[in-house]
Amino acid sequence: MSELQINTTQNVKIRFNAAGAGERLLAFIIDMSIKIGYMLILNRTFGAFDSMDQWSKIAINTVLSFPVMFYTLVLESVLQGQTIGKRLLKIRVVKIDGYQASFSDYVVRWFFRIVDVYIFGLGFFVMLFNKKAQRLGDMAAGTAVIALKNNVNISHTILENLKDNYKPTYPNVIKLSDNDARIIKETFQVARKARDYPTLIKLRQKIIEVVGIKNVIQNNDMEFIDVILKDYNFYTQNM
């Protein structure tokens, strides 16, 4: 498994384990199996409507095939860079610059599937000879697929691991920018590690001032800042 180094806009070098071509192929097979299963169910369900005219059948088949066509795009957008196959294999799409991939990035990757997947599986062979294990869609979108099961360190990015049932506390965090969130996280990590409590207090006060928080629920500075970072991830990933 190759190592992927990401240089963020803050000149922080982060090392990930890039997902191997085999893992990505297996995830693709799982996703493809789901699509095929869906189409087989549709075929059995609507096969009984043989009395319909040809154009009606074409129209219905076209509409019902949308979930297959947009499966990857929709799931990667909703599941933060994962499809069902990627989630089972514990791999995820991320930006090379350390940011969370945007919807437009997922669109570019999805569009290039036409070349990567359906033209002799070109993307698979490109990954084999690419040191970052990127397919053409990844290169065009500036993304890569990382392996999460190998203790991937995302501590220097603005990404946070959120539980599926996570409930945010401070909606005003959307006033922050990605750069603000990155600075807050980097300062928070350094101060927490050094037990620099005066810096944590100042950071808490600055966040309250900038975000405009009236009622602070957490009394503990570290807990408050941690919630702020998680809330920011929640809102930006679901906008």
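Residues numbered from 1 in each chain as written. Predicted model: local features only at pLDDT ≥ 70, side-chain atom pairs only at ≥ 80, totals over all residues. Heavy atoms only, no water.

## Section: helix α11 (residues 197-211)
Here comes step 1: The end-to-end C-alpha distance of α11 is 21 Å, a good match for the 21 Å that 15 residues give at a rise of 1.5 Å each.
Here comes step 2: Residues of α11 that are buried include every one of Leu-200, Leu-203, Arg-204, Ile-207 and Val-211, and no others. Buried residues of α11, viewed axially, fall in a sector of 100°; they line one side. Every exposed residue of α11 that faces more than 90 degrees away from the buried side is listed here: Pro-198, Lys-202 and Glu-209. (Helix = DSSP H or I, 4+ residues; strand = E, 2+ residues; numbered from the N terminus. Expected span 1.5 Å × (residues − 1). Buried < 20%, exposed > 50% of the residue type's maximum accessible area, 1.4 Å probe, protein only. Arc of directions from axis to C-beta.)

## Overview of the pairing of strand β3 (residues 91-95)
Here comes step 1: Taken across its five residues, β3 has five buried, putting it largely inside the fold.
Here comes step 2: Note: β3 against strand β4 (residues 143-147), five bridges, orientation antiparallel. Each residue of the ladder has a partner; that of Val-94, found in β4, is Ala-144. (Pairing = 2+ DSSP bridges.)

## Side note on the nonpolar core
Here comes step 1: In terms of nonpolar packing, the biggest core is built from 19 residues, with Tyr-170, Ile-184, Ile-207, Phe-224, Ile-225 and Ile-228 touching the most fellow members.
Here comes step 2: For this core, the secondary structure elements donating two or more residues are α10 (178-194), α11 and α12 (221-237).
Here comes step 3: Per-element accounting of this core gives the leading share, six residues, to α12.
Here comes step 4: In contact with Ile-184, other than residues within four places in its own chain, are Leu-176, Leu-203, Ile-207, Ile-225 and Leu-229.
Here comes step 5: Membership of the second largest hydrophobic core comes to nine residues, among which are Ala-19, Ala-27, Ile-91 and Tyr-106. (Core = buried A, V, L, I, M, F, W, Y, C linked by side-chain atoms within 4.5 Å. Contact = heavy atoms within 4.5 Å.)

## Some remarks on the packing of aromatic side chains
Here comes step 1: On inspection of all chains with the given rule, the structure shows seven aromatic pairs.
Here comes step 2: The interplanar angle of 80° and the centroid separation of 5.7 Å between the aromatic rings of Phe-124 and Phe-125 together place this pair among those described as edge-to-face.
Here comes step 3: Its relative accessible area of 27% is what places Phe-124 among the partly exposed residues.
Here comes step 4: Consider the rings of Phe-234 and Tyr-235, whose centres lie 5.4 Å apart with planes at 85°: the pair is edge-to-face.
Here comes step 5: Taken together, the aromatic side chains of Phe-66, Phe-70 and Trp-110 make up a single cluster linked through ring pairs.
Here comes step 6: Directly above the aromatic system of Phe-224 lies the positively charged group of Arg-204, at a separation of 5.0 Å from the ring centroid. (Phe/Tyr/Trp six-rings, centres within 6.5 Å; stacked < 30°, edge-to-face > 60°. Lys NZ or Arg CZ within 6 Å of the ring centre and 35° of its normal.)

## Describing the environment of Leu-75
Here comes step 1: Along the chain, Leu-75 falls in helix α4 (residues 71-78).
Here comes step 2: Here Leu-75 falls in the buried class, since its relative accessible area comes to 19%.
Here comes step 3: Between the alpha carbons of Leu-75 and Tyr-106 there is a distance of 9.7 Å; along the sequence they are 31 residues apart.

## Here we look at the environment of Ser-33
Here comes step 1: Assignment of secondary structure puts Ser-33 in helix α1 (residues 21-46).
Here comes step 2: Each C-alpha atom of the pair Ser-33 and Gly-85 lies 9.6 Å from the other, and the pair is 52 residues apart in sequence.
Here comes step 3: Polar contacts involving the side chain of Ser-33 include one to the main-chain carbonyl oxygen of Ile-29, which spans 2.8 Å. (Polar contact = N/O pair within 3.5 Å; in protein donor to acceptor, adjacent residues only side chain to side chain.)

## Digging into the packing of α4 against helix α6 (residues 103-111)
Here comes step 1: At a minimum axis distance of 9 Å, the contact between α4 and α6 shows a crossing angle of 155°. With respect to α6, the axis of α4 lies roughly antiparallel. Pair α4 / α6 crosses with right-handed handedness. For the pair formed by α4 and α6, the contact residues are Thr-72, Leu-73, Glu-76 and Ser-77 on the first element and Phe-103, Tyr-106, Val-107, Arg-109 and Trp-110 on the second.
Here comes step 2: Of the residues assigned to the contact of α4 with α6, the class counts are five nonpolar, two polar and two charged. (Axes fitted to C-alpha atoms, helices over the stretch in contact; angles between N-to-C directions. Parallel < 35°, antiparallel > 145°, perpendicular 65-115°, else oblique. Left-handed = near helix turned anticlockwise from the far one by under 90°. Nonpolar A, V, L, I, M, F, W, Y, C, P; charged D, E, K, R; others polar.)

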